[in-house]
Amino acid sequence: MKQTWTKHDTPAPTSQKVAYINTRLFDPESGLDSPGVLLTEGSVIADFGPNLFSDGVPEGIETVDCGGHILCPGLLDIQVHFREPGQEKKETLATGSRSAAAGGVTTVVCQPNTKPVLDSVPMLEYLKNRARETSLVNIRVYAAISKGMEGKELSEMGMLKDTGIVVGFTDDGLPVMDSLLMRHALSYSSMLNVPIAQHAEDLRLSNGGCINEGAVSTRLGVPGIPNASEAVIVARDLLLLELTGGHYHVLHVSTRQAVDAIRAGKKRGLNVTCEAAPHHFTLTDEAVMEYRTFAKMNPPLRNEEDRQAIVEGLKDGTIDAIATDHAPHDQESKRLPLTKAAFGIVGLETMLPLSLKLHHDGHMSLRDVLAAMTYKAADIIHEPAGRLKKGARADLTLLDPDHQWTVDKDQLASKSKNTPFDGDAMRGRALCTVVAGQTVYTLS
Ligand SMILES: [Zn+2]
């Protein structure tokens with residue numbers, strides 16, 4: 001199989017019309033699932049439906065035969081680390097965006113824990129320009145909640161949002177430990193209409209742990225991170241949310257206790273959303289025995305009861321979105337003892353098949369799985385994306401949910417190869433990725 005990436009330096013001209021024919025049109029929000037045709041004009045979706053061009057595509061319109069495969073809204077991954085600026089040897093906006101495109105992802109949200117931190121207007125303007133020059137997909141950003149991510153003083157949130165690339169705020173990589181600072185951040189969230197995204201971890205409780213606290217950490221004789229480390233921060237933040245209003249979002253939820261707290265918060269009518277990463281509903285801490293540091297991430301892989309709670313949370317809608325926490329690290333950062341190695345794995349190119357496994361295993365409908373990576377993810381960050389809609393930006397993913405392939409880390413587009421799934425059989429893959437009406441990736 002050959003992968004091809006294309007970077008377009010100018011927007012698609014409005015005169016450019018492309019008809020995607022012989023598709024299975026799939027829109028998770030409306031429930032549309034039907035053979036049909038979709039027409040793009042320039043960078044937007046002009047029309048689509050089962051009966052469009054039923055007498056044939058008019059002359060002068062370019063056609064793309066989709067081979068009967070699913071054409072759905074482009075996927076979003078609302079949590080990635082592209083390491084630019086500061087750690088370009090691990091990943092850049094260019095290489096990260098190639099990885100996204102290969103995974104069928106058309107919009108990503110980069111985290112602010114770069115060097116320097118994304119906490120100022122000049123840094124965000126710089127990133128916006130770099131994205132325009134080098135990225136194949138739409139780049140959005142969570143700016144830092146606190147200056148320098150030091151957890152002391154709020155960043156100039158209003159001014160940062162006005163740069164137009166900021167869709168929310170987080171200190172991800174680190175939690176906001178200070179309750180008063182979190183209260184103030186949540187208050188701004190309602191004024192600015194953006195989510196405050198928390199890396200929920202009580203650093204005192206984590207106490208230097210490197211994997212989940214449980215049977216495996218005991219067996220390996222390494223310090224563990226208890227479930228309570230995540231859950232106490234989520235519980236505290238929900239109480240603060242009740243006080244302030246605003247929108248609170250929990251990043252990469254990993255424990256049963258946190259899922260339970262969020263479910264109860266939603267029942268109380270709080271504006272809380274959350275996301276889960278594919279590794280947390282696919283693997284448990286047993287994987288650390290086999291994959292060693294390639295299964296070390298933060299939050300850590302938990303036990304089977306937690307893994308099932310994540311699946312349940314996705315099934316009943318407590319967990320809104322699937323996001324990868326794509327965290328590239330080079331060999332030197334990973335080939336270290338378990339206690340010293342960096343946290344994190346790359347995830348963009350395995351997100352779709354690992355998520356589709358929930359469908360293949362009978363846990364969720366195809367519609368619900370794709371919803372968690374399209375409109376439901378888009379709604380968290382107020383991005384006008386994730387839907388097949390006339391006039392919407394033509395971000396599209398052509399995918400085959402049954403395509404069989406094997407992960408080969410050397411074939412990953414990401415600059416870093418730190419995946420625990422190397423050599424694993426996958427089912428489901430993106431065949432073509434379209435951003436603003438232009439093809440950026442094809443698998444042929
Ligand atoms: Zn995090």
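Just so we're clear, the structure is a prediction, and the values are computed from it rather than from any experiment. The written sequence of each chain sets the order in which its residues are numbered from 1. Under the rules for a predicted model, residues below a pLDDT of 70 receive no local features and side-chain atom pairs below 80 are neither given nor counted, while totals for whole chains, interfaces and linings still include all residues. Excluded from the side-chain calculation are hydrogens and water; included are all heavy atoms of the structure.

Here we come to the side chain of Thr-433. Summarising the element assignment, Thr-433 is placed in strand 18 (residues 425–435). A residue is classified by how much of its surface remains accessible, and Thr-433, at 0% relative accessible area, is buried. Any two residues whose heavy atoms approach within 4.5 Å are treated as being in contact. In this structure, Thr-433 is in contact with Ala-101, Gly-104, Val-105, Thr-106, Leu-396, Gln-438, Thr-439, Val-440 and Tyr-441, ignoring residues within four places of it in sequence. Here a strand is any run of E in DSSP of at least two residues, a helix any run of H or I of at least four, and the numbering for each starts at the N terminus. Throughout this description, buried means an accessible area under 20% of the type-specific maximum (1.4 Å probe, protein chains only), exposed means over 50%, and partly exposed covers the range between.

Time to look at the coordination of the zinc ion. Working reference: metal with six octahedral donors, ideal angles 90 or 180 degrees; metal with four tetrahedral donors, ideal angle 109.5 degrees. Only Asp-172 (OD), His-199 (ND1) and His-252 (NE2) from the protein reach the zinc ion as donors, at distances of 2.0 to 2.3 Å. Here a donor is any nitrogen, oxygen or sulfur atom (N, O, S) within 2.8 Å of the metal, with 3.2 Å used for Na, K and Ca; water is not among the atoms considered, so some sites may look incomplete. Written as a sequence motif, the donor residues of the zinc ion are D-x26-H-x52-H. With Asp-172 in the loop between strand 10 (166–170) and helix 4 (179–192) and His-199 in the loop between strand 11 (195–198) and helix 5 (203–206), this pair connects stretches of sequence that are 27 residues apart. His-199 carries the same exposure label as Asp-172, and that label is buried.

Turning next to a nonpolar patch on the surface. Each patch groups residues whose relative accessible area exceeds 30% and which form no salt bridge, using 9 Å between like charges and 5 Å between nonpolar side chains of Val, Leu, Ile, Met, Phe, Trp and Tyr. Method for areas: the Shrake-Rupley scheme with a 1.4 Å probe, in which residue coverage is limited to the protein chains shown. Within this document, salt bridges are pairs made up of a side-chain nitrogen of Lys or Arg and a carboxyl oxygen of Asp or Glu, the two lying within 4 Å of each other. Residues Leu-174, Met-177 and Leu-203 make up a contiguous nonpolar surface patch of roughly 220 Å² in combined accessible area. Position of Leu-203 among the secondary structure elements: in helix 5. A residue is classified by how much of its surface remains accessible, and Leu-203, at 39% relative accessible area, is partly exposed.

Attention now moves to helix 13 (residues 351–360). Because each turn of an α-helix spans 3.6 residues, side chains separated by three or four positions end up pointing in the same direction. Most of helix 13 sits out of view: seven of its ten residues are buried. Among the residues of helix 13, Met-351, Leu-352, Pro-353, Leu-354, Ser-355, Leu-356 and Leu-358 are the ones counted as buried. Positive backbone phi, approximately 85°, marks Gly-362, located one or two places after helix 13.

Here the focus is the layout of surface pockets. Note on definitions: the grid is 1 Å and covers protein atoms alone; a cavity is a set of points where a 1.4 Å probe fits but cannot get out; a pocket is an open set with protein on both sides within 12 Å along at least five of seven lines; lining residues have an atom within 4 Å of a point. Grid points are joined across faces, edges and corners, and a volume is the space filled by probe spheres set on the points. In this structure, the largest pocket encloses a volume near 630 Å³. Lining the largest pocket we find 24 residues, and of these Ala-131, Arg-132, Ser-135, Val-137 and Asn-138 sit closest to its centre. Among the secondary structure elements, those contributing two or more residues to the lining of the largest pocket are helix 2 (121–134), strand 9 (138–143) and strand 19 (438–443). The residue inventory of the lining of the largest pocket, partitioned by class, reads ten nonpolar, eight polar and six charged. As annotated, the domain borders come from an automatic or database domain assignment. Counting residues domain by domain, the lining of the largest pocket receives three or more from each of domain 1 (3–71 + 393–443) and domain 2 (74–380). Considering the residues around the second largest pocket, the lining is formed by 30 residues, among which Asn-113, Gly-173, Asn-298, His-329 and Phe-343 are closest to the centre. Charged residues are taken to be Asp, Glu, Lys and Arg, nonpolar residues to be Ala, Val, Leu, Ile, Met, Phe, Trp, Tyr, Cys and Pro, and polar residues to be all remaining types, Gly included.

Time to look at the pairing of strand 17 (residues 396–406). Of all the eleven residues making up strand 17, eight are buried; the element is thus mostly covered by neighbouring parts of the structure. The rule for pairing is simple: two strands pair if DSSP sees at least two bridges between them. Strand direction decides the pairing type here: strand 6 (residues 70–73) and strand 17, joined by four bridges, are antiparallel. Bridge pairing links Pro-73 to Leu-396 in strand 17. Alignment of strand 17 against strand 18, held across eight bridges, turns out to be antiparallel. Within strand 18, the position partnered with Trp-405 by the bridge is Met-426.

With that out of the way, let us pick up the domain arrangement of the protein chain. The domain architecture assigned to the protein chain consists of domain 1 (3–71 + 393–443) and domain 2 (74–380). Taken over C-alpha atoms, the centre of domain 1 sits 26 Å from the centre of domain 2. In this complex, domain 1 contributes 42 residues to the contact, which on the side of domain 2 involves 51 residues. Throughout, the accessible surface (probe 1.4 Å) given up by two parts as they are put together, summed over both, is called the buried area. Interface area, domain 1 with domain 2, both sides summed: about 3700 Å², of which 63% is carbon and sulfur. Applying the counting rule to domain 1 against domain 2 returns zero salt bridges. Polar contact criterion, stated in full: a pair of N or O atoms within 3.5 Å, where within protein one must be able to donate a hydrogen and the other to accept it, and residues adjacent in sequence count only if both atoms are side-chain atoms. The interface formed by domain 1 and domain 2 contains 22 residue pairs in polar contact (both at pLDDT 80 or more). Secondary structure elements with two or more residues in the side of domain 1 that touches domain 2: strand 1 (3–5), strand 2 (17–27), strand 17, strand 18 and strand 19. Partitioned by chemical class, the residues of the side of domain 1 that touches domain 2 number 19 nonpolar, twelve polar and eleven charged.

The next point concerns the pattern of salt bridges. Counted according to the given criterion, the structure contains 27 salt bridges. The salt bridge partner of Glu-84 is Arg-130, with a shortest N-O separation of 2.7 Å. Of this pair, Glu-84 sits in the loop between strand 7 (75–80) and helix 1 (93–102) while Arg-130 sits in helix 2, and the two are 46 residues apart along the sequence. Since its relative accessible area comes to 3%, Glu-84 is described here as buried. Assessed through its relative accessible area of 25%, Arg-130 is described here as partly exposed. Arg-393 serves as the salt-bridge partner of Glu-383, at 3.1 Å between the closest nitrogen and oxygen. Taken as a pair, Glu-383 in the loop between helix 15 (375–380) and strand 17 and Arg-393 in the loop between helix 15 and strand 17 lie far apart in primary sequence, ten residues in all. You can call Glu-383 buried: its relative accessible area is 7%. Taking the relative accessible area as the measure of exposure, Arg-393 reaches 22% and is therefore partly exposed.

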